[in-house]
There are 2 protein chains.
Amino acid sequence: MSHKYVYLFSEGNGSMRELLGGKGANLAEMTVLGMPVPQGFTVSTEACTRYYEDGKKIAPEIEEEIYANLAKMEEINGKKFGDKENPLLVSVRSGARASMPGMMDTILNLGLNDDVVAGMIAKNSDIKFVRFVYDSYRRFIQMFSDVVMGLAKSTFEVIIDEVKEKKGVKNDIDLDADDMKELVKLFKAHYKKEMGEDFPSDPKTQLMESVKAVFRSWDNPRANVYRRMNEIPYSWGTAVNVQPMVFGNLNENSGTGVAFTRDPATGERALFGEYLINAQGEDVVAGIRTPSHISKLAEDMPEVYKQFADIANRLEEHYADMQDMEFTIENGKLYMLQTRNGKRTAAAALKIAVDLVDEGKISEDTAVLRVEPKQLDALLHPQFDAKALKAAKAIGKGLAASPGAACGKVVFTAEDAKAWHENGEKVVLVRLETSPEDIEGMAAAEGILTVRGGMTSHAAVVARGMGTCCVSGCGDIKMNEEAKEFELAGHVIKEGDYISIDGSTGNIYGEAIPTVAASISGDFDRFMKWADARRTLKVRTNADTPRDAAQAVAFGAEGIGLCRTEHMFFEGDRIKAIREMIVAKTPEARKAALDKILPYQQGDFEAMYRVLEGRPMTVRFLDPPLHEFVPQKEEDIVELAGELKISVDELKAVIAGLHEFNPMMGHRGCRLAVTYPEIAEMQTTAVINAALAVNKEHPEYNIVPEIMIPLVGEVKELKFVKDIVTSTADKLIAAAGSDMKYHVGTMIEIPRAALLADEIAKEAEFFSFGTNDLTQMTFGFSRDDAGKFLDAYYENKIYENDPFARLDQNGVGKLIKMAAEGGRKTRPDIKLGICGEHGGDPTSVEFCHNIGLNYVSCSPFRVPIARLAAAQAAIKEKNAK
Amino acid sequence: MSHKYVYLFSEGNGSMRELLGGKGANLAEMTVLGMPVPQGFTVSTEACTRYYEDGKKIAPEIEEEIYANLAKMEEINGKKFGDKENPLLVSVRSGARASMPGMMDTILNLGLNDDVVAGMIAKNSDIKFVRFVYDSYRRFIQMFSDVVMGLAKSTFEVIIDEVKEKKGVKNDIDLDADDMKELVKLFKAHYKKEMGEDFPSDPKTQLMESVKAVFRSWDNPRANVYRRMNEIPYSWGTAVNVQPMVFGNLNENSGTGVAFTRDPATGERALFGEYLINAQGEDVVAGIRTPSHISKLAEDMPEVYKQFADIANRLEEHYADMQDMEFTIENGKLYMLQTRNGKRTAAAALKIAVDLVDEGKISEDTAVLRVEPKQLDALLHPQFDAKALKAAKAIGKGLAASPGAACGKVVFTAEDAKAWHENGEKVVLVRLETSPEDIEGMAAAEGILTVRGGMTSHAAVVARGMGTCCVSGCGDIKMNEEAKEFELAGHVIKEGDYISIDGSTGNIYGEAIPTVAASISGDFDRFMKWADARRTLKVRTNADTPRDAAQAVAFGAEGIGLCRTEHMFFEGDRIKAIREMIVAKTPEARKAALDKILPYQQGDFEAMYRVLEGRPMTVRFLDPPLHEFVPQKEEDIVELAGELKISVDELKAVIAGLHEFNPMMGHRGCRLAVTYPEIAEMQTTAVINAALAVNKEHPEYNIVPEIMIPLVGEVKELKFVKDIVTSTADKLIAAAGSDMKYHVGTMIEIPRAALLADEIAKEAEFFSFGTNDLTQMTFGFSRDDAGKFLDAYYENKIYENDPFARLDQNGVGKLIKMAAEGGRKTRPDIKLGICGEHGGDPTSVEFCHNIGLNYVSCSPFRVPIARLAAAQAAIKEKNAK
C-alpha cells in the first residue's frame, strides 16, 4: 500500500497535529465531536516535506490522492467541483503544527469560473445575490493572482479605483452587481496581459496550484523570520486544509466572527470576541466596519448564539484549555471553521492555568506546562502602553537583547547618562558598543541601544543582568558621536530627542511611547510554588552587585552561580589601583597596587554574602584581558599618565604591549593568575576574609566559599592556580581559628577542558559550564563578530537559531555531555552547573535537566523563567516514563 | 619486599635506561661486558621522582638503601669511605634517560676531609702527591660549595687570585703544595663565614647532600630549557651515579680523554677524540692546555691505546652505533667512565647509518630509525660557518621560526628588501610583524626577523614555506620604524647595518657571520629511498606558488595538500581587483570585480598543475577575513580611494565595517562563500577551467581537482557551498565535453566539525585536519597572542611543548581521533589528511600514522622530515607487533 498523504476530516483526530497541522487536527477533532464543521480534507505535512524533497513538485500519486479525496468531499457535501448546477466552492488554507497566524497563504472562493457563476445566477437572480456572486468571483481572481501567481493585489486595487472614479463613488459598497461583473472582466484582462495567458478556469488546476502555493508559502521570508523568532523547525512543513466555503456575506441572516472562551488579555472567564453580520472573515480583519462584541449575538441571533456558546463550552471542556475559535453563520446556520488553544498574555496565561486547576479541569502538573517560560519576562519588565504602541511606527530594528520597554531622551555617553539621570531626566543611552567603563551610565539609563554587538555583547549581558531594556547590534544606525546625533532610516536623532526601544522585539521608535510598569499578580507566587515543587534542577543567578543579588533572591534564586569579580573593578577609586597594578613592573609593585584593591574587593564580597544570607556564591576570579582596564583614547591616556605619574610614552608602551590580535583567545582568565599569581592571592584573601567576617557576624549563615578558576584548559593549569588559592586560604582560615570549609572548582568553557574533564576533575570540586565561551570556541566564531554573517546563515537555513541564545545541543551539547560524564567518572559527587547566557533559555534548561546537571545560573530577571523551565523539564521527563 | 631504588653497576644492564638513566645503564652494560669500569652504584630515576613527590626529600628507606650499597661498593673496591688508611673517594654524577650534556651537576673527589687528607699524606709524602691531594681537596670544597650549597664558584676564584697575587705568580700551576694547603684553609673559612657553619666533614653527609643536589639540578632553569628544546618530559627525572674516583691527574703516567668511534662531524670511520696527560676531565673542558689527538696516545702509551682502541671497537660492535666515550688513565691503568651513542651532525648521521648497513652491522630498518628527522633540516638550509660562529656572540634571541642561517644588511620595509635585493644586496628584513603584502620583500630577503608573532605567525609560516630563515617574536627589540633603526640589548642597529640570524636556534647577532650553503650528499637519496619504501603515510606539501611546488616535488612531495588561494591575491594587479570586490555594493559589482580576478586565478592554477605533472592538488578556497586585503594607514587609504574612484570617507566606512574584535573567529573561511557565493563560483571556475586546460595539454596527467572548503562547522554549511561548487563545475565540465572527475572536501579545523564529523562526512569526500586553527580553538588561545603567557606555562611545567609546533595528542588529538572515526563511519573510504604546521613535526607525524590518516601535508622544506618520520612510525609500529 502506498503512503497516505491526504485525510478526510472524518479520518483524523486532535492527536494528529504533527501530520495534519494544528488546524487540520482540530477540524478533525471537532468532526469527531459532532460539531458543525464544513467537511473537507487535509493534505498532510508529510506531503509538504515530500514537495520540497521532490524539488518543489507535487508527486503524481499525491495529486491523485488529492483528487480522490476531492471526489469523496463532493459526495459528502452533495456538491460538485465546477458544476454549473450545484457547484462546490472551497477554501485552501495552510495549517502548520504550531500556529503561525498570518504568516502563510489562504485562497478563498476557489472553484469559481464563468460557467459556475452563470449557473449560480441562473438559479437565483436576486440582484443582491448576483452582486455577491460577482464580488466573490473578483475576490477569488484577485487572491489567486496574488497568492498563487505573484501578481500583486495592489495592481487590482488600481483597477477598482478607476472603476469607482468613473462611476463617481468612494466605497466598494457603492459598486453594484454590474460594476462587479465589469471588475471581473477587467481583472481577467489584466491577468492575461500580465501573465500572458488566460486566468485558469479549470477548478482542479486552481486547486492544485493553490496547494502548491501554500506549500511554497512555508518558505516565504516572513514565515522564516516568524519561525526563527518562535523556534519552530523548518523541517516541520505545513499541512493544507481544503474545506467547502460557507458564506457569512450571503445575506443579513449570515455573519462571521472570532471568539475566545476566556479573555486573552486578563484571563477572565467569559466569552470574549467579536462578529460582523453579512461579512467574510477578511472584512473583520480589514477594519472598515466595526464588529460587535460577541455577547450582542445573543440579541441578534439568540438560537445561533446559544448553539455557539454551548460549542465553546464543550470545546474548552474537551481541550481543558482556553479556545480561540472562528465561526461563520450562513443563512442562519452556524459553522465552526477553526478552534485552537488561544494565544494569551503572560498575565492571562497564569490566571487561566491557576483557574483551570481551581475549576478541577487540569492538574497542577498540566498547569505548570501551560505557561511558556519566556512569557514570564513580560511580567517582570515595563511594557509599552498597548494603545500608544499601536499608533507608533518603528523606524528600525536591532536585536532584542534585553526585554522590556524604555522611553527617554537620547544621550551618547555614559557620563551624560549619569548626569542627566541625576537631574531627573529619563534617558536612553545610545552607543556604538558599550564597555565595562560604561557601567554606571548603563545603570542610570532606562534603556540601552547599541550599533554593534550581538545577543551576548557586553551591552546585552550587562543589561539583562540589570533588567534594563536593551536593543543591540542595530547596524543600520549611522552614528556621529562627535555631533551627538545619529541617523536611522532617514531620521536624524539628536541628543535630547525622545526615542523608545523595545528590548523584547528589537523595535526602535523615533518618538516617545509611554510605558506601563511591570506587575506581578497573586497567581504568580502560587504558580511558581507549583513549579518549584516539581523541579530538581537548582536555579542560581549571575550577579556581581548586592543590588542584582537582592533582585535575584527576590525572584527565587537559590544562590549565585557566577559572581564576576571584574565588574567590581570599575567603580570609583578602585580602577586607579587596577591601573597601577597593570603598569607595575615588578611583583612587589604589583602587590602594592593589589593591596590597595584588597579592602574594596573584600568589602564587595562581604556585602554580597550579607544579601545572600547563607545562600551559596561561586566567585569567579579575574577573567577579562587587562587591556579592558586601560583607556585607548589619546586624551585619556595623557590624563592617566599624569595620575599614575609615569610618562605618556611609557603608558603607551604598556597599552601597546597589552594589545591583542584576538582578545577573546588571549591573555585572560586563569592565564592572568599563572603569569601574575599575586592577583589570585589577593582575590583569595578577599573572598576568604569576607566569608570569615560575615560568618562571624552571622554564624547561622555557615558560608562555604566557592572559588571558580576561569578558562582552564589543562589540569596542571588548574592545579597551579588552585595551589595558590589553597595555600593562601588555609593560612587565613587557620589564623582566624576557624574551621570554615571552601570549594575550588573551574569553568568548563574551553573545548580542551571538556575533552579532558576526567583529568580536570581530579582537581576541581565543581564544574560550571561557561557556555558563552564554549559556544564561541566550538563554533569558531566570536559572538561580537558573528552578527556580520549569521543572517546569511539563517536565510540559507544553515542555522535556525542563534547558538548564543539557544544552546547548540548537537555540537556544544555533545562536549558538555562528554565533560559531565568525564567529571563524574573521576569524582562521582562533582557538582555540575551552567553559567552561560543559556542558563536562562528554556530549551537549554531542559537540556541541562536531561543530562543531570545540578543547577543552572542565569541573570536575575531570567530566574523565574529558569525555575519554570526546570519544572517543565522534570514534568516532561516524568510523563515520558 | 620494599621497592628497589639503588642498583650496583653489576646489577644492571644496558636495557635499563629508563630506570638507571643512560649513563648508569651503559656503565652497567660495560660492567657486564667485563670492561674496566670503577665499580659503583646508581640511584634510580624512580628515586628522583619520589624525591619530588615527597616534597624534595629523600625518604629514609632510600637513604638506607644508598648506605647499604655504599657498603657493598666499599667491599668491592677494598676501600672505605672516610677511612684514613684506605679512603674511598667518589664522584657523584647525574644521568638522565636522554643525554643532557652539561645541563645538570657533578661533584668530584667526594669523601675528602681533614682526616682523610692527613692519612693519604701520611702514606705518601711525595711532594707532587701532597700537592695533588690538597688540590683535590680544594677542588672538592669549591665544587661542593657551588653545586650543593649554592655558594658561587667565583667567590673562591677571588681567593685563588689573592693567593697568586701575594705570591706573585700568574697560573694555578705555579701554586705548590703549601699554597694548596693554604687555599684549603682559606676556602673552609670562606665557607664558614658565608654559610654560618663548618664545611661538612662527614663523607656520608657529603654524599647525601650531593645526591639531593643532583636531583635538584633536574629542575634548574637551564635543564628545563634544554628539555623543552629537546622534547624530554619533565616527568622522567634523573638517576645519580656514585662511582669511585680514578685520577687522571695523579702523575705523568695518568691522563684523561674523550673519543668517538667515528668522526661526529663527517661520519668518517676512525677513532676521533683527544686526551690530556696528567689532568682531570674538567681540565680538558677548561681549554687551558691543548689536548692531543687520540691517535697520539698510541705513541705516548701504546699498551693503553691498544686496550682503549679494542674496547672502542667492541663497544661500537656491541651497540651497533657510533660511541662517544670518556676514559681516565690512572697510573698506567685504563678506566672507562662512560660510553653513549654519540651526538653527530646530520651529515654524519646519514653517513654512519648508511655505512653501518654496508658494514652489515644494522638493518635498513634500524638505519632509518637512526637519523633524527629534525636533523635533516640542517642539510636543506644554509648554516653559519662553524668557526666564525664560535667567535660571534648573540645579542638577543627570538623564536626559531624557520631554520637556516642568514646574514645581510638590515632593511625595514618589504619594498626596500625588494629594491636592495635587486641592487645585488643581501638583506635581512626586520618587521614588527609581517603581513601578506610583504610577500615579495620576504622572498627577496636572506632572512626575516620579527618583533611580534609566534611559531605560526604569518612571518613564520610563509618563511618556512619559502625555506627562508626566520626568527620571530623577539619582543626585546625596541623598534623605531620611522628612524629606520632598532635597539636590542643596548645595541642600536640602523638600516644598512649587518646582522645575522639563526632560524634554527633563534639567535640574533649584531654582526656579519659568513654562511655555508646547504649540501645534500649522495647518502641522502639512498637513505630516503629506504625510508620511502617503509612508510605507508603519504607526504604532500603546503604550497601556493609554482616555485614552492617545484621545490617540494624536488624534496619528494607526492602532491599538494594545501594550496592557499589567498596568497595568490596579493601579487601585482590582482590586489586591486580584490579591493574592488571588497568595496562592491551589489552582487553584480562584486561579480564584475571577480571577473577580473578569474583569469589570474585560473592562470595560477594552470601553472601549479603543470609543475605537479599529474600529482594531486587540494585547493583551499578563500580563507582570511577580507580586512587583510585593505590598507589600514591613512595615506594608503587615501591613495586607494583615488584608485578605486570612491571617496575617502566611503572607503573608510568599508574598512571600518570590516573591523573585527576577534578576526580569527570572524567572517572568514566558508563564511565568506555563504555571504558572497560569487567568490566560490569564481574560484570553482578557475580551478575547473585550469584543470580542463592542462588535462587537454597533457592528457597523461589525468588531473582530478580537489576543492577544499575551509572553516566548516556544520554539514548544512558545507552542503550550501558544495552546491555552488558542483553546479558551477558540472556545467563547465559538460560544456567542455569532458568527463573529468573532481572531489569536494573540507577542512576539519573547528571543534564542532570534529564533533559532528559523521554528519559532515555525508557531504565531504575528504577531510583535511587544519591543526593550526583546531589547536587555537581547542585550547582557546590565539597563536599570535599566546606568546605573552606561554613562557610562564613552560616555567611552571603546565605545558612542556608549544602546542602549535607539536600536536597536543591528549586534547586536540582526541578531537582528531573522534573526527577520523566519525568520518569513516559515514564514509569508509574517506581520505584523511592533515595540513597544519604539525604535518612537518615528527612526533605529530607519528601520531597521524598511528591513527591511520592517509597523508600529511607540510611546508616544502619539511617534506623530507615528514617522509622520514612517517617511515620511522611505520617501522616502530611493525617492531611493536
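Note that the structure is predicted; figures quoted are calculated from it, not measured. (Residues numbered from 1 in each chain as written. Chains lettered and ligands numbered in written order. Predicted model: local features only at pLDDT ≥ 70, side-chain atom pairs only at ≥ 80, totals over all residues. Heavy atoms only, no water.)

Peer 1: Any chance you could break down the overall build of chain A for me, citing the residues and the numbers?
Peer 2: A count of helices and strands for chain A gives 35 helices and 33 strands. A compact globule built from 881 residues would reach a C-alpha radius of gyration of about 29 Å, and chain A, at 32 Å, matches this within 12%. Along the longest, intermediate and shortest principal axes, the C-alpha atoms of chain A span 105 × 60 × 50 Å. Buried positions account for 58% of the 881 residues belonging to chain A. In chain A, once contacts between residues fewer than 6 apart in sequence are set aside, the share between residues at least 24 apart is 68%. Accessible surface computed for chain A: about 34600 Å², of which carbon and sulfur atoms make up 50%. For chain A, the distance from the average position of its 106 positive side-chain charges to the average position of its 133 negative side-chain charges is 3 Å. (Helix = DSSP H or I, 4+ residues; strand = E, 2+ residues; numbered from the N terminus. Rg over C-alpha atoms; globule rule 2.2 N^0.38 Å. Buried < 20%, exposed > 50% of the residue type's maximum accessible area, 1.4 Å probe, protein only. Contact = heavy atoms within 4.5 Å. Areas by Shrake-Rupley, 256 points an atom, 1.4 Å probe, with all protein chains shown as cover. Lys, Arg positive; Asp, Glu negative; His and termini not counted. Charge placed at Lys NZ, Arg CZ, Asp CG, Glu CD.)

Peer 1: Tell me about the state of the cysteines, and please be specific about residues and values.
Peer 2: Tallied over the entire structure, the rule returns zero disulfides over all chains. In this model Cys563 of chain A remains outside any disulfide bridge; the closest cysteine sulfur is found in Cys835 of chain A, 11 Å from its own. (Disulfide = S-S within 2.5 Å.)

Peer 1: Please set out the sheet that holds strand β33 (residues 855–858) of chain B residue by residue, giving values where relevant.
Peer 2: Residue and element names in this part refer to chain B. Reading around the circumference, β26-β27-β28-β29-β30-β31-β32-β33 is the order of the eight strands in this closed barrel, with parallel pairing throughout. Neighbour-to-neighbour, the strand axes of the sheet open up by a mean angle of 25°, direction not taken into account. Examined bridge by bridge, strand β30 (residues 743–748) and strand β31 (residues 766–769) share three bridges and lie parallel to one another. What sits directly across from Ile748, in β31, is Phe769. (Pairing = 2+ DSSP bridges. Axes fitted to C-alpha atoms, helices over the stretch in contact; angles between N-to-C directions.)

Peer 1: Would you mind going over the nonpolar core in detail, with residue names and values included?
Peer 2: Counting 296 residues, the largest nonpolar core has Phe605, Ile709 and Phe767 of chain A together with Phe605, Ile709 and Phe767 of chain B as the members making the most contacts within it. Not counting the four nearest positions on each side in its chain, Phe767 of chain B is found in contact with Thr746, Ile748, Ala757, Ile760, Ala761, Ala819, Gly823, Ile830, Lys831, Leu832, Gly833 and Tyr855 of chain B. (Core = buried A, V, L, I, M, F, W, Y, C linked by side-chain atoms within 4.5 Å.)

Peer 1: Give me the lowdown on the pattern of salt bridges, citing residues and values where you can.
Peer 2: Residue and element names in this part refer to chain A. Following the criterion strictly, the structure yields 138 salt bridges over all chains and no others. As a salt-bridge pair, Glu837 and Arg464 come within 2.4 Å of each other at their nearest N and O atoms. Here Glu837 is found in the loop between β32 (831–834) and α34 (842–850), whereas its partner Arg464 is found in helix α19 (residues 458–466), with 373 residues between them in sequence. You can call Glu837 buried: its relative accessible area is 10%. (Salt bridge = Lys/Arg side-chain N within 4 Å of Asp/Glu carboxyl O.)

Peer 1: Talk me through the domain arrangement of chain A; I want residue IDs and the actual numbers.
Peer 2: Bring the parts together and some accessible area is lost; that lost area is often taken as the interface size. Per the domain assignment, the segments of chain A are domain 1 (246–344), domain 2 (381–515) and domain 3 (535–625 + 660–880). For domain 1 of chain A versus domain 2 of chain A, the distance between C-alpha centres works out to 41 Å. (Domains from an automatic or database assignment.)

Peer 1: Would you mind going over the environment of Ala391 of chain A in detail, with residue names and values included?
Peer 2: Take Ala391 of chain A: it is sitting in helix α16 (residues 386–391). In this structure Ala391 of chain A comes out as exposed when scored by relative accessible area, which is 68%.

Peer 1: Explain helix α7 (residues 177–195) of chain A to me, using residue names and the numbers behind them.
Peer 2: Three or four residues apart is the spacing at which side chains of an α-helix point the same way, because the helix has 3.6 residues per turn. Residue and element names in this part refer to chain A. Taking 1.5 Å of rise per residue, 19 residues should cover 27 Å, and α7 covers 27 Å from first to last C-alpha, within 8% of that figure. Where α7 is concerned, the buried positions are Ala177, Asp179, Met180, Leu183, Val184, Phe187, His190 and Tyr191. Mapping the buried residues of α7 onto a view down its axis gives an arc of 145°, with all of them on the same face. Away from its buried face by more than 90 degrees, α7 exposes Asp178, Lys185 and Lys193. Where the residues of α7 are buried, they touch α5 (127–147) and α6 (153–167). (Expected span 1.5 Å × (residues − 1). Arc of directions from axis to C-beta.)

Peer 1: Describe the UniProt feature "domain: PEP-utilising enzyme C-terminal" (unreviewed entry) in chain A, listing the residues and the values that go with them.
Peer 2: Per the UniProt record, the feature "domain: PEP-utilising enzyme C-terminal" (unreviewed entry) sits at residues 522–873 of chain A. The straight-line gap between the two end C-alpha atoms of residues 522–873 of chain A is 24 Å; of that span, 54% is helix and 10% is strand. (UniProt positions renumbered as here; feature names shortened; annotations may be inferred.)

Peer 1: Pulling in residues and values, what's your account of unusual backbone geometry?
Peer 2: Among all residues except glycine, the phi angle is most often negative; among peptide bonds, the trans geometry is most common. All names here are of chain A. The residue Lys484 is not glycine, and still its phi comes out positive at about 50°. For Lys484, the location among the structural elements is in the loop between β20 (478–480) and β21 (485–488). In the Ramachandran plot, Glu613 falls in the positive-phi region, its phi being about 50° despite a non-glycine side chain. Its location among the elements puts Glu613 in the loop between α23 (587–612) and β28 (617–620).

Peer 1: Please set out the relation of the copies chain B and chain A residue by residue, giving values where relevant.
Peer 2: For the pair chain B and chain A, the superposition axis carries a translation of 0.1 Å, the fit reaches an RMSD of 0.1 Å, and the rotation angle comes to 180°. The operation mapping one copy onto its partner corresponds to a two-fold rotation axis. Residues of chain B ranked by C-alpha distance from the rotation axis are headed by Asn662 of chain B, positioned 2.2 Å from it. Taken as a fraction of all interface residues of chain B, those also at the interface in chain A reach 100%, which identifies the copy contact as same-surface. (Least-squares fit on C-alpha atoms with pLDDT ≥ 70 in both.)

Peer 1: Kindly report on the packing of aromatic side chains, identifying the contributing residues and their values.
Peer 2: Residue and element names in this part refer to chain A. Going through the model one piece at a time under the given rule, you end up with 50 aromatic pairs over all chains. Ring centres of Phe767 and Phe769 lie 6.4 Å apart, and the angle between their planes is 75°; this geometry places the pair in the edge-to-face category. Each member of the pair, Phe767 as well as Phe769, carries the same accessibility label: buried. Sitting over the face of the ring of Tyr335, Lys333 holds its NZ or CZ atom 4.7 Å from the ring centroid. Here the basic side chain of Lys797 rests over the ring of Tyr234, its NZ or CZ set 4.6 Å away from the ring centre. (Phe/Tyr/Trp six-rings, centres within 6.5 Å; stacked < 30°, edge-to-face > 60°. Lys NZ or Arg CZ within 6 Å of the ring centre and 35° of its normal.)

Peer 1: Help me get a handle on the pairing of strand β5 (residues 90–96) of chain B, residues and values and all.
Peer 2: Residue and element names in this part refer to chain B. Burial within β5 is extensive, with seven of its seven residues counted as buried. Side chains of β5 alternate between two faces, with Val90, Val92, Ser94 and Ala96 and Ser91, Arg93 and Gly95 buried alike. As paired elements, β5 and strand β6 (residues 106–110) share three bridges and run antiparallel to each other. Bridging across to β6, Arg93 finds its partner in Thr106.

Peer 1: Describe in detail the sheet that holds strand β8 (residues 255–262) of chain A, supporting the description with residues and values.
Peer 2: Residue and element names in this part refer to chain A. What the five strands build is an open sheet, ordered β10-β9-β8-β11-β12; its pairing is antiparallel. Where the open sheet ends on each side, the last strands, each with one partner, are β10 (292–293) and β12 (333–341). With six bridges joining them, β8 and strand β11 (residues 323–330) adopt antiparallel strand pairing. The partner of Ala259 across the bridge, within β11, is Met325.

Peer 1: So, the side chain of Glu606 of chain B: which residues are in play, and what are the values?
Peer 2: Residue and element names in this part refer to chain B. Residue placement: Glu606 occurs in helix α23 (residues 587–612). Overall, Glu606 belongs to the buried group, its relative accessible area being 15%. Leaving out residues up to four positions away in the same chain, Glu606 has contacts with Ala690, Ala693 and Val694.

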